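# An overview of the molecular structure
Okay, here's what each chain looks like letter by letter:
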Amino acid sequence: MFFHIVLERNMQLHPRHFGRDLRDKLVAKLMKDVEGTCSGRHGFVVAITGIEHVGKGLIRDGTGFVTFPVKYQCVVFRPFKGEILEAVVTMVNKMGFFAEAGPVQIFVSNHLIPDDMEFQSGDMPNYTTSDGSVKIQKDSEVRLKIIGTRVDATEIFCIGTIKDDFLGVISDPEL
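As the structure is a prediction and not an experimental result, all values here were calculated from the model.

Over its 13 residues, helix α1 (residues 22-34) runs 18 Å from end to end, which matches the ideal 18 Å to within 8%, given 1.5 Å per residue. All buried positions along α1 are accounted for by Leu26, Val27, Leu30 and Val34. With its buried residues spanning 95° around the axis, α1 presents them on a single face. α1 presents Asp24 and Lys32 as exposed residues on the side facing more than 90 degrees away from its buried surface. Close packing links the buried residues of α1 with β1 (2-13), β3 (43-54) and β5 (66-77). At the exit of α1 stands glycine 36, carrying a positive phi of roughly 90°.

Here aspartate 139, not a glycine, exhibits a phi torsion of approximately 75°, which is positive. For phenylalanine 166, which is not glycine, the phi torsion reads 65° and is therefore positive.

Using the criterion set out here, one finds 6 salt bridges in the structure. Glutamate 86 is the partner of arginine 143 in a salt bridge, and the nearest nitrogen-oxygen pair spans 2.9 Å. Residue arginine 143 is located in strand β12 (residues 141-151), and its partner glutamate 86 is located in strand β6 (residues 84-93); the two are separated by 57 residues in the primary sequence. Residue class for arginine 143 comes out partly exposed when judged on its relative accessible area of 29%. As a salt-bridge pair, aspartate 115 and lysine 163 come within 3.2 Å of each other at their nearest N and O atoms. Highlighted residues: aspartate 115 in the loop between β8 (104-109) and β9 (117-120) and lysine 163 in the loop between β13 (156-161) and β14 (168-171), separated in sequence by 48 residues. Note on aspartate 115: relative accessible area 63%, which makes it exposed. Overall, the relative accessible area of 39% leaves lysine 163 in the partly exposed class.

A word on the nonpolar core. By size, the foremost hydrophobic cluster in this structure holds 24 residues, and its most contacted members are Leu85, Phe97, Ile106, Ile113, Ile136, Leu144 and Ile162. When contributions to this core are tallied by element, the ones reaching two or more residues are β6, β7 (96-101), β8, β12 and β13. Counting residues per element, this core draws most heavily on β6, at 4 residues. Ignoring any residue separated from it by four or fewer positions in sequence, one finds isoleucine 162 in contact with Phe97, Val108, Leu112, Ile113, Pro114, Ile136, Arg143, Leu144, Leu167 and Gly168. Leu26, Val45, Phe68 and Val76 belong to the second largest nonpolar core, which has 14 residues in total.

Cut-offs used in this document
- Residues numbered from 1 in each chain as written.
- Predicted model: local features only at pLDDT ≥ 70, side-chain atom pairs only at ≥ 80, totals over all residues.
- Heavy atoms only, no water.
- Helix = DSSP H or I, 4+ residues; strand = E, 2+ residues; numbered from the N terminus.
- Expected span 1.5 Å × (residues − 1).
- Buried < 20%, exposed > 50% of the residue type's maximum accessible area, 1.4 Å probe, protein only.
- Arc of directions from axis to C-beta.
- Contact = heavy atoms within 4.5 Å.
- Salt bridge = Lys/Arg side-chain N within 4 Å of Asp/Glu carboxyl O.
- Core = buried A, V, L, I, M, F, W, Y, C linked by side-chain atoms within 4.5 Å.

Below is the structure:
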């Protein structure tokens, strides 16, 4: 799920960046440092949408660096238990398969894949139905349901299932 939230961060800036374009340099450094990162509390920061406030700088003793408190708006992505996502399969093995939905990696165990699908090993490992009509392999798009999440300080891990109504393969890379 995507959220638009307001966050705060203290940014350190080297004295060589002081001048007319100080604010632009500060915003560029904020975008470089923050976009694409993950915090366990808020999720993955997708994009900074605006700067609300840049506070007064505080000079650090001995270094000349200045610390600015910056309040900014951003879009974050945080998956929740029970959420339905579309993902791309990145790896298939006999234990299940891994898929990615944006920055989140999701594992689907073979116990959470429908019983009529069997693992096929070989040069392109996959899960195939007995009649061969549906195949899950690398680069397949699947719709899955998140049944569990684990949040670390800098990463979010998910467990998913396709053993439910309207879940499974959306598109096959071979077609």
